Amino acid sequence: MTKTPASAARAAAVLALVFGLTGAGYSLAQELKGIKSLREAPLTEDSAAPDVLKQATPADGFGRAYRQQPPLIPHKTDGYQITTENNQCMTCHDWPGNTRVSAPKISETHYVDRQGVRLDKVAGTRYFCQQCHVPQADAKPLVGNAFKNATQVQN
Ligand code: HEC
Ligand code: HEC
């Protein structure tokens, strides 16, 4: 059977894919050298529970790494539930309740729906606060990084 140009091209594409992927896999393995797997016990055993890290907020607050960053949460959130009927974050962060506890009101952007319509309640797209806002623990990064915030990059 003779190869048609189309099948030859297909074979070349498959080869390129196989070699391409192997190459990528190899360089990834090189990069990850020396990094331990997150699972330390074999699959047949239960791993020890990780340490529970204490939540930490710097004395002068978190600041933001770039203008559009969702601000980090400076307080505990363990007790605050979000269900379809009730969002406990909003008892303190919705106007006018926020004025009673001196909490910042959620951003005006949180009252605008997907179509750009301004609402009198938090938009569904912003309902699950912890999708974007999270507290912090003083934990060592698993992998080193050279992250610079937006002001450091400008310097
Ligand atoms: C009992 C009231 C109360 C509740 C409930 C509450 N917060 Fe707060 N929150 C505050 C107050 C007060 C502050 C401001 C200052 C502080 O704690 O340092 C704040 C600050 C914040 C900030 C920082 C805002 C900024 O501009 O830096 C975020 C984000 C936040 N809260 C998110 C949440 C989320 C998400 C929930 C629900 C899981 C929640 N809060 C529940 C009172 C509350
Ligand atoms: C899709 C991501 C997203 C969700 C969900 C979300 N936020 Fe935000 N939030 C942001 C971003 C981004 C900012 C900062 C920029 C801005 O003002 O929109 C912000 C700002 C804030 C601020 C600071 C407002 C200010 O004027 O400084 C508070 C407080 C806050 N959010 C609370 C909440 C609470 C409470 C919820 C849940 C009801 C929530 N957010 C849900 C992304 C989100």
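Attention here is on the structure that accompanies the text. (Residues numbered from 1 in each chain as written. Chains lettered and ligands numbered in written order. Predicted model: local features only at pLDDT ≥ 70, side-chain atom pairs only at ≥ 80, totals over all residues. Heavy atoms only, no water.)

## Focus on the nonpolar core
Taken as a class, soluble globular proteins show a tendency for nonpolar side chains to be buried jointly. Keep this limit in mind: Put simply, buried Ala, Val, Leu, Ile, Met, Phe, Trp, Tyr and Cys residues joined by side-chain atoms within 4.5 Å make one nonpolar core. Relative accessibility thresholds used throughout: buried, under 20% of the residue-type maximum; exposed, over 50%; partly exposed, between the two (1.4 Å probe, protein chains only). The contact criterion used is simple: two residues touch if any of their non-hydrogen atoms lie within 4.5 Å.
Met90, Ile106, Tyr111, Val122 and Tyr127 form the largest nonpolar core, which has five residues in total. Apart from residues no more than four positions distant in its own chain, valine 122 is found in contact with Met90, Ile106, His110, Tyr111 and Tyr127.

## Looking at the coordination of the iron atom of ligand 1
How we decide: Here the coordinating atoms are restricted to nitrogen, oxygen and sulfur within 2.8 Å of the metal centre, or 3.2 Å for Na, K and Ca, and because water is not among them the sites may look incomplete. Geometry assignment treats four donors as tetrahedral when all angles are between 85 and 135 degrees, treats four as square planar and six as octahedral when opposite donors are over 155 degrees apart and all others between 65 and 115, and treats everything else as irregular. In this description a helix means any DSSP run of H or I spanning at least four residues, a strand means any run of E spanning at least two, and both kinds are numbered starting from the N terminus.
Taken together, the protein donors to the iron atom of ligand 1 comprise His75 (NE2) and His93 (NE2), at separations of 1.9 to 2.0 Å. What the six donor atoms of the iron atom of ligand 1 show is an angle range of 88 to 179° at the metal, which sorts the shape as octahedral. Here histidine 75, found in the loop between α1 (5–31) and α2 (89–93), pairs with histidine 93, found in helix α2; they are 18 residues apart in sequence, far enough to count as distant. Given the relative accessible area of 21%, histidine 93 is considered partly exposed.

## Some thoughts on the site of ligand 1
Put simply, the rule reads: Nearness is judged by heavy atoms alone; a residue qualifies as near a molecule or strand once a single heavy atom is within 4 Å of it. Here a polar contact is taken to be a pair of N or O atoms separated by no more than 3.5 Å, where protein atoms must pair a possible hydrogen donor with a possible acceptor and residues adjacent in sequence count only if both atoms sit in side chains. Gly falls in the polar group here, along with every residue not listed as nonpolar (Ala, Val, Leu, Ile, Met, Phe, Trp, Tyr, Cys, Pro) or charged (Asp, Glu, Lys, Arg).
Every one of the 18 residues lining ligand 1 counts as a neighbour, but His75, Cys89, Cys92, His93 and Cys129 are closest to it. One nitrogen or oxygen atom from the side chain of histidine 75 is found 2.9 Å from a nitrogen atom belonging to ligand 1. Between ligand 1 and the protein, one listed contact pairs a nitrogen atom with a side-chain N or O atom of histidine 93 at 2.8 Å. The greatest single-element share of the shell around ligand 1, amounting to three residues, is contributed by α2. Of the residues assigned to the shell around ligand 1, the class counts are 11 nonpolar, seven polar and no charged.

## Details of the coordination of the iron atom of ligand 2
Protein coordination of the iron atom of ligand 2 is provided by His110 (NE2) and His133 (NE2), with donor distances spanning 2.0 Å. Given six donor atoms and angles of 85 to 178° at the metal, the environment of the iron atom of ligand 2 is assigned as octahedral. A residue pair is termed long-range when its members are at least 10 positions apart, and histidine 110 in the loop between α3 (97–101) and α4 (150–154) and histidine 133 in the loop between α3 and α4 qualify at 23 residues. Here histidine 133 falls in the buried class, since its relative accessible area comes to 19%.

## Details of the site of ligand 2
The local shell around ligand 2 holds 22 residues, among which Thr109, His110, Cys129, Cys132 and His133 are the closest. Here an oxygen atom of ligand 2 and a side-chain polar atom of serine 107 are 2.8 Å apart. Contacts to ligand 2 include histidine 133, whose side-chain N or O atom sits 2.8 Å from a nitrogen atom. Each residue belonging to the shell around ligand 2 can be placed in one class, and the counts come to 10 nonpolar, nine polar and three charged.

## A short note on the pattern of salt bridges
So the rule is basically this: In the sections that follow, a salt bridge refers to a side-chain nitrogen of Lys or Arg positioned within 4 Å of a carboxyl oxygen of Asp or Glu.
The full count for this structure, using the stated rule, is two salt bridges. The shortest N-O distance in the salt bridge between lysine 105 and glutamate 108 comes to 2.8 Å. For lysine 105, a relative accessible area of 32% corresponds to the partly exposed category. Glutamate 108 gets classed as partly exposed once you look at its relative accessible area, which sits at 41%. The salt bridge involving arginine 118 is made with glutamate 108; its shortest N-O contact spans 3.3 Å. Linking arginine 118 in the loop between α3 and α4 with glutamate 108 in the loop between α3 and α4, this pair joins segments that are 10 residues apart in sequence. Connected through salt bridges with shared partners, the residues Lys105, Glu108 and Arg118 form a single ionic network.

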